[in-house]
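Chains, contacts and geometry: an overview
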Amino acid sequence: MTEKPQGAEPGDDSAAEEAVIKAAEEAASAGAEDTDAGTPGDATAKRELAERTADLQRLQAEYQNYRKRVERDRLTVREIAVSNILESLIPVLDDIGRARDHGEVTGGFKSVAESLETVVAKLGLQQFGKEGEPFDPTMHEALMHSYSSDVTEDTCVQILQPGYRIGERIIRPAMVAVAEPQPGTQTAPGPDADTAKGGEKKDQADGGSDS
């Protein structure tokens, strides 16, 4: 198994690439010398050249895998760092939201608040939770519960605290008040029910004519 290039640190692509080029040059030089020799040991020289070529191919494959690992690790570290920063800013965003509800986001504070909200949005933090949307236990946390004849399914009727997510990952669920359909509420009959009623009326009419 080939060894990693000496002195190459994670992300040091130039050192690793230099090692690959050096190995390729050595393999090509050895192959040329063996071919020019023209000795009866040509078969041995060809075998050694094939082995060195295979070593070079393995080295190139390892180098490509190494680069992919470094890039993947770099992205993972960045995502974790950004996520930690954004999570720590959520309480600040909550304070801004409460101040806005009370009409206190004015003047210079308004400019700072809007700038902060723009920056976190560019970094991938998304706010969610709106009145009237269906209740989803994977995104919402119900803090209040009631019944209503105005809804046909479990519905968020009040957003007590917005939720936040980064991409598909939920950082904090939205805190909501949920309303369920009023028990015993009559629902509109479906097409099947209308068909069944029509069939009953037809059967009654047929029975009356037979008598």
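Residues numbered from 1 in each chain as written. Predicted model: local features only at pLDDT ≥ 70, side-chain atom pairs only at ≥ 80, totals over all residues. Heavy atoms only, no water.

With that settled, consider the layout of surface pockets. Considered as a void within the structure, the largest pocket measures approximately 450 Å³ in volume. In terms of lining, the largest pocket is formed by 19 residues, of which the most central are L93, G97, Q127, P162 and Y164. Elements with a contribution of two residues or more to the lining of the largest pocket: helix 2 (42-101), helix 3 (107-122), strand 1 (125-128) and strand 3 (155-161). The element best represented in the lining of the largest pocket is helix 2, accounting for 6 residues. (1 Å grid on protein atoms, 1.4 Å probe; cavity = no way out; pocket = protein on both sides within 12 Å on 5 of 7 lines; lining within 4 Å. Points joined across faces, edges and corners; volume = space filled by probe spheres on them. Helix = DSSP H or I, 4+ residues; strand = E, 2+ residues; numbered from the N terminus.)

In this model helix 2 runs 86 Å from its N-terminal to its C-terminal C-alpha over 60 residues, within 8% of the 88 Å that 1.5 Å per residue would give. The axis of helix 2 is deflected most strongly, by about 35°, at I90, and proline P91 appears within four residues downstream. (Expected span 1.5 Å × (residues − 1). Bend = angle between axes of the 7 residues up to and from the residue.)

Among the nonpolar cores identified, the biggest contains 8 residues, and these are V82, L86, I90, L93, V120, L125, Y164 and I171. Tallying contributions element by element places helix 2 first for this core, with 4 residues. Ignoring any residue separated from it by four or fewer positions in sequence, one finds V120 in contact with L86, L89, L93 and L125. Of all hydrophobic cores here, the second largest spans 5 residues; its members include F128, A174, V176 and V178. (Core = buried A, V, L, I, M, F, W, Y, C linked by side-chain atoms within 4.5 Å. Buried < 20%, exposed > 50% of the residue type's maximum accessible area, 1.4 Å probe, protein only. Contact = heavy atoms within 4.5 Å.)

The next subject is the pairing of strand 5 (residues 169-172). Bridge analysis of strand 4 (residues 163-166) against strand 5 gives 3 bridges, and the strand direction is antiparallel. Considered in strand 5, the bridge of I166 is made with R169. The hairpin turn running from strand 4 into strand 5, its antiparallel successor, is 2 residues long, and G167 in that turn takes a positive phi close to 65°. (Pairing = 2+ DSSP bridges.)

Reading across from one edge, 2-6-3 is the order of the 3 strands in this open sheet, with mixed pairing throughout. Taken across any chain shown, the strands that pair with only one partner, and hence form the sheet edges, are strand 2 (140-148) and strand 3. With direction set aside, neighbouring strand axes in the sheet form an average angle of 25°. Pairing of strand 3 with strand 6 (residues 174-181) involves 5 bridges; the strand directions are antiparallel. Of the residues in strand 6, the one forming a bridge with I159 is V176. (Axes fitted to C-alpha atoms, helices over the stretch in contact; angles between N-to-C directions.)

Next up on the list: the packing of helix 2 against helix 3. Pairs of packed helices are described in terms of their axes, by the angle between the two and the distance that separates them. Where helix 2 meets helix 3, the closest approach of the two axes is 11 Å, and the angle between their N-to-C directions is 140°. As judged from the angle between their axes, helix 2 and helix 3 are oblique. Relative to helix 3, the crossing made by helix 2 is left-handed. On helix 3, the residues touching L86, L89, V92, L93, I96, A99 and R100 of helix 2 are F109, A113, L116, E117 and V120. (Parallel < 35°, antiparallel > 145°, perpendicular 65-115°, else oblique. Left-handed = near helix turned anticlockwise from the far one by under 90°.)

Here the focus is the confidence of the model for the protein chain. Looking at the protein chain as a whole, the pLDDT averages 80, with 68% of positions reaching at least 70. Note on residues 1-11: pLDDT under 50 across the span, and 16 contacts to partners over four residues away in sequence or across chains. (pLDDT = per-residue confidence, 0-100.)

What follows deals with the sheet that holds strand 4. Read across the sheet, 3 strands follow the order 1-4-5 without closing on themselves; strand pairing throughout is antiparallel. Strands with a single pairing partner mark the edges of an open sheet, and in this sheet they are strand 1 and strand 5. For this sheet, the mean angle separating the axes of adjacent strands, direction not counted, is 35°. Bridging between strand 1 and strand 4 involves 4 bridges; their strand directions are antiparallel. The residue of strand 4 that forms the bridge with Q127 is Y164. The sheet strands contacting helix 2 are strand 1, strand 4 and strand 5, and the helix crosses strand 5 at an angle near 45°.

The next subject is the pattern of salt bridges. For the structure on display, the rule yields 5 salt bridges. D95 is the salt-bridge partner of R98, the closest N and O atoms lying 2.5 Å from each other. Taken together, the residues span about one helical turn, with R98 and D95 both in helix 2 at a distance of 3 residues. The class for R98 is partly exposed, based on a relative accessible area of 43%. (Salt bridge = Lys/Arg side-chain N within 4 Å of Asp/Glu carboxyl O.)

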